[in-house]
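A closer look at the structure
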Amino acid sequence: MKIQSKEVPFEIYKEKSLLSGVLTVTPQGLLGDGLMEFNNAEVTSKKFKYNSRTFNTDTCDFRLKTYDLREMAFITENYQGQVDMDKRKGEFRSNGGLSRISFPANNFICYMDQFDWYMDKDEIDLRSKDKIPEANKTDDPRKLVDLKLTGSEFISVHPTQDSLRFLTNRANYNLKDQIIYAHDVQLIRIADAAIVPHDGKVTILRKAEILPLEKAKILANTKSKYHLIYDATVNLYGRNSYKATGKYNYIDELEQVQIINFAEIGVDASKKTFAKAAIGDSI
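Let us now look at the pattern of salt bridges. Counted under the stated rule, the structure contains 15 salt bridges. The salt bridge involving Glu42 is made with Arg63; its shortest N-O contact spans 3.2 Å. Of this pair, Glu42 sits in strand E4 (residues 41–50) while Arg63 sits in strand E5 (residues 54–65), and the two are 21 residues apart along the sequence. Here the two residues Glu42 and Arg63 agree in accessibility, since each one is buried. In this structure, Glu134 and Lys137 form a salt bridge, with 3.0 Å as the shortest nitrogen-oxygen distance. Each member of the salt-bridge network shares a partner with another, and the members are Lys89, Glu91, Arg93, Asp116 and Arg127.

This is how it looks when you write it as structure tokens:
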């Protein structure tokens, strides 16, 4: 038996659900085809399979609205999914390697192969199957720039950021506050420099605003690998733009180390890193 309508309301899970499409009652169970809406979620699939407290689909597009329901916060395509109403959890796995995920409120996209949605926490955990090899686990910028790093790519789509990007293996998304927390970020290439976050964490707010990195390292440039700035506070503005402060070890002709505190570090018109400091008589 088929129930076809533009809108088919049902409460299989004791929650208000709406399917714009077709419900089919079969000996094997209840099937659905169309757009399903419940809570702040929208799921589109040609084949939903409903059980008493779960539903699953081999291929679906999944979207979540912001906490105030005013706009889309999370958009995916081509994932297989299972939603468990008892566990209050949705599990989604990509059908084609790394599939695109969009964060419209944050002006970022990423490519991850799996994520879990925790309904009551309004959180999403994103993961990549790629793990950081033991040989690549270092925070030395001079080594990192020559390594083939693994992970999923996060890319800014903000018009002023020139596709700023970095690799990460896992991230969390707070739906209520619309904040992306990226973990295990080993390296970010900006202009001619490489920037290494101190704890591997990068936090992205609405409209692609990235919180300043504290205690970071800056290698300038990535070809000569000559200048290493440490204990840096770095503000990332785009793929060719950053501003920072930090420390630099200057070695004089007697091979003595003098610490220079750079009050201004940035990128000039030729996309090369520059740094300025006030040098006292003792240096």
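With that settled, consider the nonpolar core. Ranked by internal contacts, the top residues of the largest apolar core, which has 59 residues, are Phe74, Phe103, Leu126, Ile218, Val234 and Tyr242. What Ile218 contacts, discounting residues up to four positions off in sequence, is Ala193, Ala194, Ile195, His227, Leu228, Ile229, Ala232, Val234, Tyr242, Ala244 and Ile265. Residues Leu144, Val145, Val196 and Leu219 belong to the second largest nonpolar core, which totals 6 residues.

The next thing to look at is the packing of aromatic side chains. Under the counting rule described, the total for this entry stands at 19 aromatic pairs. Centroid distance Phe62 to Phe115: 5.9 Å. Interplanar angle 35 degrees. Geometry classified as tilted. Remark: Phe115 occurs in strand E10 (residues 114–118) and Phe62 occurs in strand E5; sequence separation between them is 53 residues. For Phe62, a relative accessible area of 0% translates into the label buried. Accessibility expressed as a relative area gives 0% for Phe115, which makes it buried. The lysine or arginine in question, Lys121, covers the ring of Tyr118, its NZ or CZ lying 5.5 Å from the ring centre.

It is worth spelling out a nonpolar patch on the surface at this point. Together, Ile251, Val257 and Ile259 make up an exposed nonpolar region whose accessible area comes to about 280 Å². Relative to the helices and strands, Ile259 is located in strand E22 (residues 257–267). Relative accessible area serves as the criterion here: at 46%, Ile259 is assigned to the partly exposed category.

What links the strands of a sheet is backbone hydrogen bonding, and the strands pair in either a parallel or an antiparallel sense. Overall, antiparallel pairing links the 7 strands, which are arranged E16-E17-E19-E20-E21-E22-E23 in an open sheet. Pairing within the sheet leaves two strands with one partner each, and these edge strands are strand E16 (188–190) and strand E23 (273–276). Averaged over all pairs of adjacent strands, the angle between strand axes in this sheet comes to 35 degrees, irrespective of strand direction. Of the pairings in the sheet, the one linking strand E19 (residues 213–220) to strand E20 (residues 227–238) comprises 5 bridges and is antiparallel in character. Pairing of Leu213 across the sheet is with Val234, part of E20.

Thresholds, definitions, all that
- Residues numbered from 1 in each chain as written.
- Predicted model: local features only at pLDDT ≥ 70, side-chain atom pairs only at ≥ 80, totals over all residues.
- Heavy atoms only, no water.
- Salt bridge = Lys/Arg side-chain N within 4 Å of Asp/Glu carboxyl O.
- Helix = DSSP H or I, 4+ residues; strand = E, 2+ residues; numbered from the N terminus.
- Buried < 20%, exposed > 50% of the residue type's maximum accessible area, 1.4 Å probe, protein only.
- Core = buried A, V, L, I, M, F, W, Y, C linked by side-chain atoms within 4.5 Å.
- Contact = heavy atoms within 4.5 Å.
- Phe/Tyr/Trp six-rings, centres within 6.5 Å; stacked < 30°, edge-to-face > 60°.
- Lys NZ or Arg CZ within 6 Å of the ring centre and 35° of its normal.
- Patch = residues over 30% accessible without salt bridge, like charges linked within 9 Å, V, L, I, M, F, W, Y side chains within 5 Å.
- Areas by Shrake-Rupley, 256 points an atom, 1.4 Å probe, with all protein chains shown as cover.
- Pairing = 2+ DSSP bridges.
- Axes fitted to C-alpha atoms, helices over the stretch in contact; angles between N-to-C directions.

The quantities given are spatial measurements derived from coordinates; they are silent on function.
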